[in-house]
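Each chain, letter by letter, is given below.
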Amino acid sequence: MAKNAMYFLKMLPEKPKPHPEPIIYETIKYPKSSKTGFFKASVVIGEKVSTGQDIGTITDYFGNLVETLKSPVDGTVILVNQMPAIKDDQSVMAIGVEKSE
């Protein structure tokens, strides 16, 4: 981003790149774990997800699978909890639901 400003100010030789169209989210959903353990995401920030798609797993302290988390909505992953330790009823990520036109 800073380089784009430098292109615009002619501090660097390239031409500035146009900005992408903004994405407007109607709502943001925060899927939560119903178990305590370790969270491992199976999606990354910016990835589009569908309702019911696997988005991560919770394992107990011995590595046994205790929960598979599914996306509650169609949307875009905009935040992923990077702390592996998770408590029950704690949000694991944020999924933005785009505003329909």
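Data block above holds the structure.
This text gives an overview of the structure that appears in the document.

How each quantity is defined
Residues numbered from 1 in each chain as written. Predicted model: local features only at pLDDT ≥ 70, side-chain atom pairs only at ≥ 80, totals over all residues. Heavy atoms only, no water. Salt bridge = Lys/Arg side-chain N within 4 Å of Asp/Glu carboxyl O. Buried < 20%, exposed > 50% of the residue type's maximum accessible area, 1.4 Å probe, protein only. Pairing = 2+ DSSP bridges. Helix = DSSP H or I, 4+ residues; strand = E, 2+ residues; numbered from the N terminus. Contact = heavy atoms within 4.5 Å. Phe/Tyr/Trp six-rings, centres within 6.5 Å; stacked < 30°, edge-to-face > 60°. Polar contact = N/O pair within 3.5 Å; in protein donor to acceptor, adjacent residues only side chain to side chain.

1. Observations regarding the pattern of salt bridges
Counted by the stated rule, this structure contains 3 salt bridges. Residue K17 pairs with E14 through a salt bridge whose shortest N-O separation is 3.6 Å. Judged by relative accessible area, which is 49%, K17 ranks as partly exposed. Salt-bridge contacts for K70 lead to D54; the nearest nitrogen and oxygen are separated by 2.4 Å.

2. Some details on the sheet that holds strand β4 (residues 54-59)
As summarised here, the arrangement of the 4 strands in space is β5-β4-β2-β7, forming an open sheet in which the pairing is antiparallel. Looking at strand neighbours, the two that pair on one side only are β5 (65-70) and β7 (85-86), the edges of this open sheet. Two strands pair when backbone bridges link them, and strand β2 (residues 37-41) and β7 are joined in this way by 2 bridges, in the antiparallel orientation. Along β7, the bridge assignment pairs F38 with A85.

3. A word on the environment of T59
In this structure, T59 sits in strand β4. Once the C-alpha coordinates of T59 and I86 are considered, the two residues, 27 residues apart in sequence, prove to be 9.7 Å apart. Other than its neighbours up to four places away in sequence, T59 contacts T36, G37, F38, N64, L65 and V66.

4. Details of the environment of P13
If you trace the backbone, P13 turns up in the loop between α1 (2-8) and β1 (25-29). When the C-alpha atoms of P13 and D60 are compared, they prove to be 54 Å apart, with 47 residues separating the residues in sequence.

5. Brief notes about the packing of aromatic side chains
For any two aromatic rings, the description comes down to two numbers: the centre-to-centre distance and the angle of the planes. As enumerated under the stated definition, the model contains 1 aromatic pair in all. With a centroid separation of 5.3 Å and 85° between ring planes, the pair formed by F38 and Y61 is classed as edge-to-face. On the criterion of sequence distance, the pair formed by F38 in strand β2 and Y61 in the loop between β4 and β5 is long-range, its members being 23 residues apart. Exposure remark for F38: the relative accessible area of 33% places this residue in the partly exposed category. The class of Y61 is exposed, set by a relative accessible area of 55%.

6. Focus on the sheet that holds strand β3 (residues 48-49)
The strand order across the open sheet built from 4 strands is β1-β8-β6-β3, with neighbouring strands paired in antiparallel fashion. Only two strands of the sheet have a single partner each, and these edge strands are β1 and β3. With 4 bridges joining them, strand β6 (residues 75-80) and strand β8 (residues 93-98) adopt antiparallel strand pairing. From the neighbouring strand, V77 faces β8, where its bridge partner is I95.

7. Thoughts on the side chain of N81
By the element assignment, N81 lies in the loop between β6 and β7. Side-chain polar atoms of N81 contact the backbone nitrogen of M83, separated by 2.8 Å. The contact partners of N81, leaving out residues within four places of it in the chain, are F39, I86, Q90, S91, V92 and M93.

In short, the description is geometric, and any link to function would need to be established separately.
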